[in-house]
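Topology and contacts: notes
Okay, here's what each chain looks like letter by letter:
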Amino acid sequence: MKFLKHGNAWSLTPNARMDVRDRLPAGCYTVCKNPLTGEYFLEEGEQFILPKKLYGKTERHSARVLKTFETRQPGTQVGVFLSGTKGSGKTLLAKHISQKSGLPVIVVNAAYTDDRFMRTMQGIEQ
């Protein structure tokens, strides 16, 4: 599978057309669903600049996630489930992890459970 970029949206595609890449660039992406086609795509978030002062345990939690990622067995995937009330810092943590690691971070903000969603997520090998 390849990643296909349409404006600021990314989707998985088996075809090599337009801006197709083997890997997602570092950044924070949100999973979205096209209501007309039912296809899932990744929407690239705006450029993010970390605030000078981070409140709470953002840096500590970020370091813990990155340590887990770095020490994982080769070929295994790392997923992080963040739960909390609105405004508790979940998205800030995801963006902090992306900036500190240079890795893409994918945020799922809805309870997608259909087979197409599962196939889309399983198709991401990076």
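Here we summarise the structure given alongside this text. Computed from a prediction, not measured in an experiment: that's the story for all the values here. Within each chain, residue numbers correspond to sequence positions counted from 1 in written order. Residue-level local features of this predicted model are given only where pLDDT is at least 70; pairs of side-chain atoms are given and counted only at 80 or more, and the full residue set underlies all totals for whole chains, interfaces and linings. To obtain the side-chain values, all non-hydrogen atoms of the structure were used and water was disregarded.

Remarks on the side chain of Thr120
- Secondary structure counts use DSSP, requiring at least four H or I residues in a row for a helix and at least two E residues in a row for a strand, with both numbered from the N terminus. On the secondary structure map, Thr120 appears in helix H3 (residues 115–122).
- For Thr120, a relative accessible area of 15% corresponds to the buried category.
- A contact between two residues is defined here by any heavy atoms of the two lying within 4.5 Å. Leave out the neighbours within four places in its chain, and Thr120 touches Leu12 and Tyr40. The cut-offs for exposure are 20% and 50% of the maximum accessible area for each residue type, with area from a 1.4 Å probe on protein chains only; residues under the lower value are buried, those over the upper are exposed, and the others partly exposed.

Regarding a nonpolar patch on the surface
- Taken together, the side chains of Val78, Val80 and Leu82 make up a nonpolar region of the molecular surface, amounting to roughly 210 Å² of accessible area.
- By the element assignment, Val80 lies in the loop between helix H1 (58–70) and helix H2 (90–101).
- Classification of Val80 as partly exposed rests on a relative accessible area of 46%. For patches, a residue must show more than 30% relative accessible area and have no salt bridge; joins then use 9 Å for like charges and 5 Å for nonpolar side chains, namely Val, Leu, Ile, Met, Phe, Trp and Tyr. Computed by Shrake-Rupley with a 1.4 Å probe, the accessible areas treat only the displayed protein chains as cover when residues are assessed. Should a side-chain nitrogen of Lys or Arg be within 4 Å of a carboxyl oxygen of Asp or Glu, the pair is scored as a salt bridge.

Looking at the packing of H1 against H2
- Simply put, an axis is a line fit to the C-alpha atoms, just over the touching stretch for a helix, and the angle between two N-to-C directions goes from 0 to 180 degrees. One way to put it is that H1 packs onto H2 with a least axis distance of 9 Å and a crossing angle of 60°. Classified by the angle their axes make, H1 and H2 are oblique. When you trace H1 past H2, the crossing you get is right-handed. Mapping the contact onto sequence places Thr58, Glu59, His61, Ser62, Val65 and Leu66 in H1 and Leu92, Leu93, His96, Ile97, Lys100 and Ser101 in H2.
- Residues are sorted three ways: Asp, Glu, Lys and Arg are charged, Ala, Val, Leu, Ile, Met, Phe, Trp, Tyr, Cys and Pro are nonpolar, and all the rest, Gly among them, are polar. For the contact of H1 with H2, the class distribution of residues is five nonpolar, five polar and two charged. An angle below 35 degrees is read as roughly parallel, one above 145 as roughly antiparallel, one from 65 to 115 as roughly perpendicular, and any other as oblique. By convention the crossing between two helices is left-handed if the near helix lies anticlockwise of the far one by an angle smaller than a right angle, and right-handed if it lies clockwise.

Treat this as a map of the structure, not an account of what it does.
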